[in-house]
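# Close look at the chain arrangement
Chain residues, written in single-letter form:
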Amino acid sequence: MIQVRCDNYHIEVEKEYFFSIITPNYNSGDKLVRAIKSLTNNAVSFEHIIVDDCSTDESFILAQQLGTSISSFNIIFLSNFSNSGPAISRNKGLDVAKGKYILFLDADDYFIESTLDTLYNAIESNNMPDVLTYNYQMIESTNEIIDLTKDSNIANVICNPIKEYLSDKIISAPWGKCIEADLAKSFRFPDLIVSEDALYNLDIFINAKSVFKIDSTLYIFDKTDSNSLTRKAFDRKEFMKFHNGWVAFEKKALKEIQLKNSHRLLASRKIRFEVLYYINRMIVSPDSKVDKLIIGSIRETIHNNIILAKNELSAKVKLLCFMFYFFPSLTIRLVKFYKVF
């Protein structure tokens, strides 16, 4: 193993790898060790770049200790000078990555065994696409495993990737995709509190010339931590973080996407992210109170987008929007009690 530890951008070893895996870390406990171990048993060459964001727990120390015992691949340890958020950490990883393809692995999550070899074979056999997407599963706090992959069919070329992305058939998270390095390094995650990954991937899929998907589940998204973001009370401060992220996404999309039905797709995406997501946040946040400002914003989003988006939405979603628009408090109570959506 060639192991480099540094606190800046200077890397002492020049070597090219097929993959660079970038992991931002902040207080992930022993899950970071699990993420590192999930990369073992791959024959293809790769490096794992771990960027610590001033953790106050032992996660980064445990990872460095594990690194001394691993000889099968290179681990690079970087540290931010101050707590800066995952966007800055991922950008730092992009700056030093030497692989031909970039993958993002969150510190809480992990890959299925031999994932990199599977991806390598798919890339080689499909003419080195700009982006290769793959399936994933989510583990809930109850340890239930849920397959959330949208439109998972046999492996094929994605002819209209930006449409698939706007339709949420390609996940907005950094993970779930393997990106050719020149394309990945051409853009940076914006300095936003949330939704920075959605804007980064918007750049990727606007500019990708070839996108391929494989019908293989390779990534595990771990949501077993009860202290995760979605358990925070959805108050005005939390609401504004997500609302500002959406405003930035919508502004960029309207300016840069050249697609005949982009307004319709954006309207349906806005219903999902500024109606369904917000309602779910109010339902699963036990300490949250019904806030008139948030309810007013959701109703305005429904009013301005439901007609344009109607052909992209299921009958179930349209019913929920109708109920919430006229009876918001009752809808929250019913959905929370019956768990019908």
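So, a few notes on the structure that sits alongside this text. (Residues numbered from 1 in each chain as written. Predicted model: local features only at pLDDT ≥ 70, side-chain atom pairs only at ≥ 80, totals over all residues. Heavy atoms only, no water.)

Time to look at the overall build of the chain. Looking only at helices and strands, one finds 12 helices and 11 strands in the chain. Split into buried and exposed, the 341 residues of the chain put 52% on the buried side. Taking all contacts inside the chain whose residues are at least 6 apart in sequence as the whole, residues at least 24 apart take part in 81%. Within the structure as shown, the chain displays about 16200 Å² of accessible surface, and the carbon and sulfur contribution to it stands at 52%. (Helix = DSSP H or I, 4+ residues; strand = E, 2+ residues; numbered from the N terminus. Buried < 20%, exposed > 50% of the residue type's maximum accessible area, 1.4 Å probe, protein only. Contact = heavy atoms within 4.5 Å. Areas by Shrake-Rupley, 256 points an atom, 1.4 Å probe, with all protein chains shown as cover.)

For N27, which is not glycine, the phi torsion reads 55 degrees and is therefore positive. Tracing the chain through its elements places N27 in the loop between β2 (17-25) and α1 (31-37). A positive phi angle is found at S195, which is not glycine, with a value near 70 degrees. Among the structural elements, S195 can be located in the loop between α6 (181-185) and α7 (196-207).

All right, on to a nonpolar patch on the surface then. A contiguous nonpolar surface patch, about 880 Å² in accessible area, is contributed by L319, F322, F326, F327, L330, L334, F337 and Y338. Counting residues per element, the ones that place at least two in the nonpolar patch are α11 (315-326) and α12 (328-338). Broken down by element, the nonpolar patch gets its largest block of residues, 4 residues, from α12. Tracing the chain through its elements places L330 in helix α12. (Patch = residues over 30% accessible without salt bridge, like charges linked within 9 Å, V, L, I, M, F, W, Y side chains within 5 Å. Salt bridge = Lys/Arg side-chain N within 4 Å of Asp/Glu carboxyl O.)

This part takes up the pattern of salt bridges. Pairing between side chains becomes possible if they bear opposite charge and their charged atoms approach one another. Tallying each qualifying case throughout the model produces 12 salt bridges. Between R90 and E196 there is a salt bridge whose closest N-O contact spans 3.5 Å. Residue R90 is located in helix α3 (residues 86-96), and its partner E196 is located in helix α7; the two are separated by 106 residues in the primary sequence. In this pair, the class of R90 matches that of E196, namely buried. The partner of E238 in a salt bridge is K241, with the nearest N and O atoms 3.1 Å apart. Residue E238 and its partner K241 are located together in helix α8 (residues 236-256), separated by 3 residues, close to a single helical turn.

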